[in-house]
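Chain and residue survey
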Protein chains: 2
Amino acid sequence: MTDPCPTGHADAADGELPGSVAVVGAGVIGAAWAARWALCGVDVEVYDPLPTASRQVESTLEAARAAWERLGLLSRETGERSERAHAVALGEVILTSEVGDAVIDAVLIHECVPERVKIKQAVYAEVEAAAAPDAVIASSTSGIRPSELQAEMQHPERLVVGHPFNPVYLLPLVEVVGGSQTSELTIERAMGWFNAAGMAPLRVRSEVDGFVADRLLEALWREALWLVHDGVATVAEIDDAMRLGFGLRWAQMGVFQTYATAGGEGGFRHFIEHFGPALQQPWTKLTDVPELTPEFIATLITQSDEQSGDQPVAELCAARDRNLVDLLLALEANDWGAGRSLAALRRRMSAAG
Amino acid sequence: MTDPCPTGHADAADGELPGSVAVVGAGVIGAAWAARWALCGVDVEVYDPLPTASRQVESTLEAARAAWERLGLLSRETGERSERAHAVALGEVILTSEVGDAVIDAVLIHECVPERVKIKQAVYAEVEAAAAPDAVIASSTSGIRPSELQAEMQHPERLVVGHPFNPVYLLPLVEVVGGSQTSELTIERAMGWFNAAGMAPLRVRSEVDGFVADRLLEALWREALWLVHDGVATVAEIDDAMRLGFGLRWAQMGVFQTYATAGGEGGFRHFIEHFGPALQQPWTKLTDVPELTPEFIATLITQSDEQSGDQPVAELCAARDRNLVDLLLALEANDWGAGRSLAALRRRMSAAG
């Protein structure tokens, strides 16, 4: 019988960990990459010119550690890995004041700087001046095509997109996208390392703007913005529609497998033949992008603040992580979806201990 | 301090149950409405002309009962409510061979027939010929405007949309939408009954095609179809991108609250100012609808079957329900989102017992 949940990653976490990792840009994503590697026992050097970087890295490490403790991957008392897991020490995270110092010894370098091609290309020039010629540079871009990113590099074959999802230390998905000059070896090395970190690399087979995930994310996000813009729903109502309804389906089955359960005994065939035509109805044609005027931005921010109250963002993130940990544990117990990536990581850490 | 998860339904389940309910159309949705009411102790009369209806109703009742047992709302041994819950018997579900027989005693009538205005209007004429004049008729339509549905009714003031989400016996969301002729009393009665059934009614403040949820669903679904159509990703890869990544965020926080955690210490303001402009980039403009040619439909079905294997749909639905139950229990333990609706239902059943 075919596996009903064919996540291509059930046997993930069987690659080798990278010897050492560098992170350039310690914002929300960069700091969380550093945390995931450190929790896996890999040393990480981090470069970021902002004075807030060290606070970001420290608070992210703390949050990641708490989450892994609740997952049972670290012992709660010592912050070291529990005996059920393995005994290798946590990796060290060191902030450096020069890009060159951060990348010089790294075999894997995460670029996590703002989403502008020129800024990223300038960073690659700095990185290449100091890094080993075969170090892999993985861009965390959400949607810029790697062919564009690598266009001016000395060693373009080592540039790959490794697009993770916040919080990087908990969500297994990482999109792996090669550009026209990316070598197959680079892609294989990156996939192996991500596997070893307990992630589920999804190799994107065709190089398009936005890859797979952000295509889907942006489509929904655009529609959500219109609903607020037109006064059809508030920010909180839209979030309720998701977290009390279809979001719970997507978390375990995505959209197609959900619809395979929606057609009754006829399955997906019945569904698509029956409901496909609804797409032609007017409610799906509102597809321009609303203009982000100062007034509209103010509305969004007001409604967002109303929803989350005067909670500091850190508390909201902590609530998110608590929920994610428990959703992952529930799915692990059912041998399903993201729970399988967690199970694979747990096996890997036990084997290493 | 404001509640960070302001689901407007934390105190749900405080309404009165309806005396008796009718369901017209016993497909996936109609049968699941019947199951939810029966599990709440309400008798349900069901009309459907198809010979498969009784099998659909029976198998749905069985699945719903198994799910409520795992939620701890029914005792596992007897199928009756556990002592922790309450002792009222399950409601009876009776199939009738005439619409009139089904609706004559009902105070709430769910219309769950195909999504065509003419079919629904013909059903309303039959229903109104037999039902009490003040019985509420709740359409399960996913997106047809109630003003259109009620246009030819004798008592249009009692027509309201009550749009639930599959599986109706597990997901708390139900969109409540009134048309131009719907009375406020009708909306209040429907909201109260849905609350009493442990659901989280979301009153949609503006009558638009597709309401709130299907606007969002269709936007993502359309983009997903394009990705398959253009060979960028397969059905399974798209589902993986959701269930291993952002689906887990949306299940607990929706889209806006998720983004409030993505901007670092700057919160939602930082996020929207920083990432809003990406919407203008070309990857969000692929917004036409792909033509559902026989070839494209065949591709979708083949990939969907490959993903879910030779699993009967019933097994896939059982896996979905197991996962949903455990996700709901995990969120209940964290007093968050859909878990709060479950907690409210549990309190209600304890109080009634």
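Before reading on, note that the structure itself is shown above.
Details of the overall build of chain A
When helices and strands are tallied, chain A shows 12 helices and 8 strands. Taken over 353 residues, chain A has a buried fraction of 58%. Intrachain contacts of chain A at a sequence separation of at least 6 include 69% that bridge at least 24 residues.

Comments concerning the relation of the copies chain A and chain B
Expressed as a screw transformation, the operator carrying chain A onto chain B has a rotation angle of 180° and an axial translation of 0.0 Å, and the superposed copies differ by an RMSD of 0.0 Å. Both chain copies can therefore be described as sitting about a two-fold axis. Looking at chain A, 100% of its interface residues are interface residues in chain B too, so the copies touch through the same face.

Considering the interface of chain A and chain B
Facing the 111 residues of chain A at the interface are 112 residues of chain B. Taken together, the residues that form the side of chain A that touches chain B break down as 59 nonpolar, 32 polar and 20 charged.

Quick look at the packing of helix 8 (residues 235-260) of chain A against helix 10 (residues 294-308) of chain A
Residue and element names in this part refer to chain A. Two numbers describe how helix 8 lies on helix 10: the axes approach to 8 Å, and their chain directions differ by 60°. It follows from the interaxial angle that helix 8 and helix 10 lie oblique. Only Leu300, Gln303, Ser304, Glu306 and Gln307 of helix 10 make contact with helix 8, whose side of the interface consists of Val235, Ala236 and Asp239. For the contact of helix 8 with helix 10, the per-class residue count stands at 3 nonpolar, 3 polar and 2 charged.

A closer look at the sheet that holds strand 2 (residues 43-47) of chain A
Residue and element names in this part refer to chain A. Spatially, 8 strands are ordered 3-2-1-4-5-6-7-8 in an open sheet, and the strand pairing comes out mixed. Both outer strands of the open sheet, strand 3 (93-96) and strand 8 (200-203), are each paired with one neighbouring strand and no more. Geometrically, the sheet is characterised by an average inter-axis angle of 25° between neighbouring strands, direction not taken into account. Two strands pair when backbone bridges link them, and strand 1 (residues 20-24) and strand 4 (residues 108-111) are joined in this way by 4 bridges, in the parallel orientation. Across the sheet, Val23 pairs through a bridge with His110, a residue of strand 4. Its contacts with the sheet place helix 1 (residues 28-39) against strand 1, strand 2, strand 3, strand 4 and strand 6 (159-164), and it is angled at close to 165° to strand 2. Contacting strand 2 and strand 3, helix 2 (residues 53-70) crosses the sheet at an angle of about 170° to strand 3.

Here we look at the environment of Gly41(B)
Tracing the sequence through the fold places Gly41(B) in the loop between helix 1 (28-39) and strand 2 (43-47). Expressed as a C-alpha distance, the spacing of Gly41(B) and Gly91(B), which sit 50 residues apart in the sequence, is 4.1 Å.

Let's talk about the nonpolar core
Core analysis: the biggest nonpolar cluster contains 244 residues, and Val24(A), Ala34(A), Ile109(A), Val24(B), Ala34(B) and Ile109(B) have the highest contact counts within it. When residues of this core are assigned to their parent elements, the largest contribution, 15 residues, is made by helix 8 of chain A. What Ile109(B) contacts, discounting residues up to four positions off in sequence, is Ala22(B), Val24(B), Val103(B), Val127(B), Ala131(B), Ala135(B), Val136(B), Ile137(B) and Ala138(B).

Here's the deal with the sheet that holds strand 5 (residues 136-139) of chain B
Residue and element names in this part refer to chain B. The sheet built from 8 strands is open, its strands ordered 3-2-1-4-5-6-7-8 with mixed pairing. The sheet terminates laterally at strand 3 (93-96) and strand 8 (200-203), the two strands that pair on one side only. Neighbour to neighbour, the strand axes of the sheet diverge by 25° on average, direction disregarded. With 5 bridges joining them, strand 1 (residues 20-24) and strand 2 adopt parallel strand pairing. Paired with Ser20 across the two strands is Asp43, which belongs to strand 2. Of the strands in this sheet, strand 1, strand 2, strand 3, strand 4 (108-111) and strand 6 (159-164) are in contact with helix 1, which crosses strand 2 at around 165°.

Quick word on unusual backbone geometry
Of note, the amide linkage connecting Asn166(A) to Pro167(A) takes the cis form, showing an omega dihedral of -5°. For Asp335(B), which is not a glycine, the phi torsion comes out positive at approximately 55°. Overall, the presence of 13 C-beta atoms within 10 Å leaves Asp335(B) in the partly exposed class.

The rules behind these values
- Residues numbered from 1 in each chain as written.
- Chains lettered and ligands numbered in written order.
- Predicted model: local features only at pLDDT ≥ 70, side-chain atom pairs only at ≥ 80, totals over all residues.
- Helix = DSSP H or I, 4+ residues; strand = E, 2+ residues; numbered from the N terminus.
- Buried ≥ 20, exposed ≤ 12 C-beta atoms within 10 Å, placed from the backbone.
- Contact = placed C-beta atoms within 7 Å.
- Least-squares fit on C-alpha atoms with pLDDT ≥ 70 in both.
- Nonpolar A, V, L, I, M, F, W, Y, C, P; charged D, E, K, R; others polar.
- Axes fitted to C-alpha atoms, helices over the stretch in contact; angles between N-to-C directions.
- Parallel < 35°, antiparallel > 145°, perpendicular 65-115°, else oblique.
- Pairing = 2+ DSSP bridges.
- Core = buried A, V, L, I, M, F, W, Y, C linked by C-beta atoms within 7 Å.

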